[in-house]
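A structural walkthrough
Each chain is listed here by its residues.
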Amino acid sequence: MALTNRPRTVAAYGTAAGTGTLAALLLVAVCGSPMYVGWVQDHTDPTGAGGWFLRLLAWPAWRLHADDPSQGVLATNLRAILLVVLAAALLYLLPGPQVARVESSGSQFFSGWGAYALAAGCTALLATLLGPHGSLFAAFQAASTGVTYGFFAGWIVGLASLGGRA
């Protein structure tokens, strides 16, 4: 029996939502890690554009232990967990019908970017409301920070969504 090389099909590659979810997970895991957060606070200038952007990437910070004994690790890391879960859900829900109608990869890029921005805003709102001492006013303020993070970091997820199948 002769061995032949079979051509790869599109099914062998990941989906746009899957690669976007992986990028969101990596963004939260790397840029939200205690090591990155400590480094960015010690080595960047918050008044410059580069320092501001690097500090913004650390927004979904997570910790290995809770600083406050009354809160568990889950309550401390609620924002990071919610961001990955909501980003995955929105990446799977939003781009499907749009990408099916439009054959350009720009649709995948903007769907991934928009899904991540929406996920970050909703995450900030929910994490503040579900967290300790959550008020509606504080949730609205946190949502604006989350949307800012999603807007400036979402292009990374949008780029990761390129090339995947719908």
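Everything numeric here is computed off the predicted structure, so don't read it as measured data. (Residues numbered from 1 in each chain as written. Predicted model: local features only at pLDDT ≥ 70, side-chain atom pairs only at ≥ 80, totals over all residues. Heavy atoms only, no water.)

**Here's the deal with the overall build of the protein**
- Helix and strand counts for the protein stand at eight helices and zero strands.
- Its helices and strands in sequence order give the protein the pattern α-α-α-α-α-α-α-α, from N to C terminus.
- When each of the 166 residues of the protein is scored for burial, the buried share is 36%.
- Here the analysis covers contacts within the protein between residues at least 6 apart in sequence; of these, 70% occur between residues at least 24 apart.
- Accessible surface computed for the protein: about 9,700 Å², of which carbon and sulfur atoms make up 69%. (Helix = DSSP H or I, 4+ residues; strand = E, 2+ residues; numbered from the N terminus. Buried < 20%, exposed > 50% of the residue type's maximum accessible area, 1.4 Å probe, protein only. Contact = heavy atoms within 4.5 Å. Areas by Shrake-Rupley, 256 points an atom, 1.4 Å probe, with all protein chains shown as cover.)

**So, the packing of aromatic side chains**
- Inspection of every chain in the model, using the stated rule, returns nine aromatic pairs.
- Seen in terms of ring centroids, Tyr36 and Trp39 are 6.1 Å apart; in terms of plane orientation they differ by 35 degrees. Their pairing is tilted. Of this pair, Tyr36 and Trp39 both sit in helix 2 (residues 34-43), three residues apart, which is roughly one turn of that helix.
- The exposure class of Tyr36 is buried, given its relative accessible area of 15%.
- Aromatic rings pair up to connect Trp52, Phe109, Phe110, Trp113, Phe151 and Phe152 into one cluster.
- If you follow Arg79 out to its NZ or CZ, it ends over the ring of Trp59, 4.8 Å from the centre. (Phe/Tyr/Trp six-rings, centres within 6.5 Å; stacked < 30°, edge-to-face > 60°. Lys NZ or Arg CZ within 6 Å of the ring centre and 35° of its normal.)

**A few points about the packing of helix 7 (residues 105-130) against helix 8 (residues 136-161)**
- Two elements in contact, helix 7 and helix 8, have axes whose closest approach is 6 Å; the angle formed by their N-to-C orientations is 155 degrees. Taken together, the axis directions place helix 7 and helix 8 in an arrangement best described as roughly antiparallel. Every pair of crossing elements has a handedness; the one defined by helix 7 and helix 8 is right-handed.
- Grouping the constituent residues of the contact of helix 7 with helix 8 by class yields 21 nonpolar, nine polar and no charged. (Axes fitted to C-alpha atoms, helices over the stretch in contact; angles between N-to-C directions. Parallel < 35°, antiparallel > 145°, perpendicular 65-115°, else oblique. Left-handed = near helix turned anticlockwise from the far one by under 90°. Nonpolar A, V, L, I, M, F, W, Y, C, P; charged D, E, K, R; others polar.)

**As for the nonpolar core**
- The biggest cluster of nonpolar side chains holds 27 residues, and the ones touching the most others in it are Leu27, Leu57, Leu83, Tyr116, Tyr149 and Val157.
- Among the secondary structure elements, those contributing two or more residues to this core are helix 1 (16-31), helix 2, helix 3 (49-57), helix 5 (78-93), helix 7 and helix 8.
- Among residues more than four places away in sequence, those in contact with Tyr149 are Leu27, Leu56, Leu57, Trp59, Pro60, Leu83, Tyr116, Ala120 and Gly154. (Core = buried A, V, L, I, M, F, W, Y, C linked by side-chain atoms within 4.5 Å.)

**Details of the packing of helix 5 against helix 7**
- In contact at an axis separation of 8 Å, helix 5 and helix 7 are set at 140 degrees when each is read in the N-to-C sense. Judged by the inter-axis angle, helix 5 sits oblique to helix 7. Viewed along their axes, helix 5 and helix 7 form a crossing whose handedness is right-handed. On helix 7, the residues that touch Leu78, Arg79, Leu82, Leu83, Leu86, Ala87, Leu90 and Leu91 of helix 5 are Gly112, Ala115, Tyr116, Leu118, Ala119, Ala120, Cys122, Thr123, Leu126, Ala127 and Leu130.
- Of the residues belonging to the contact of helix 5 with helix 7, the class tally is 16 nonpolar, two polar and one charged.

**Structural notes on helix 1**
- The terminal C-alpha atoms of helix 1 lie 22 Å apart, and with 16 residues this matches the ideal 22 Å at 1.5 Å per residue to within 8%.
- Of all the residues in helix 1, the buried ones are Ala16, Ala17, Gly20, Thr21, Ala23, Ala24, Leu27, Val28 and Cys31. Down the axis of helix 1, the buried set is contained in an arc of 160 degrees. They therefore lie on one face.
- Looking at the packing, one finds that the buried side of helix 1 touches helix 2, helix 3, helix 5, helix 7 and helix 8. (Expected span 1.5 Å × (residues − 1). Arc of directions from axis to C-beta.)

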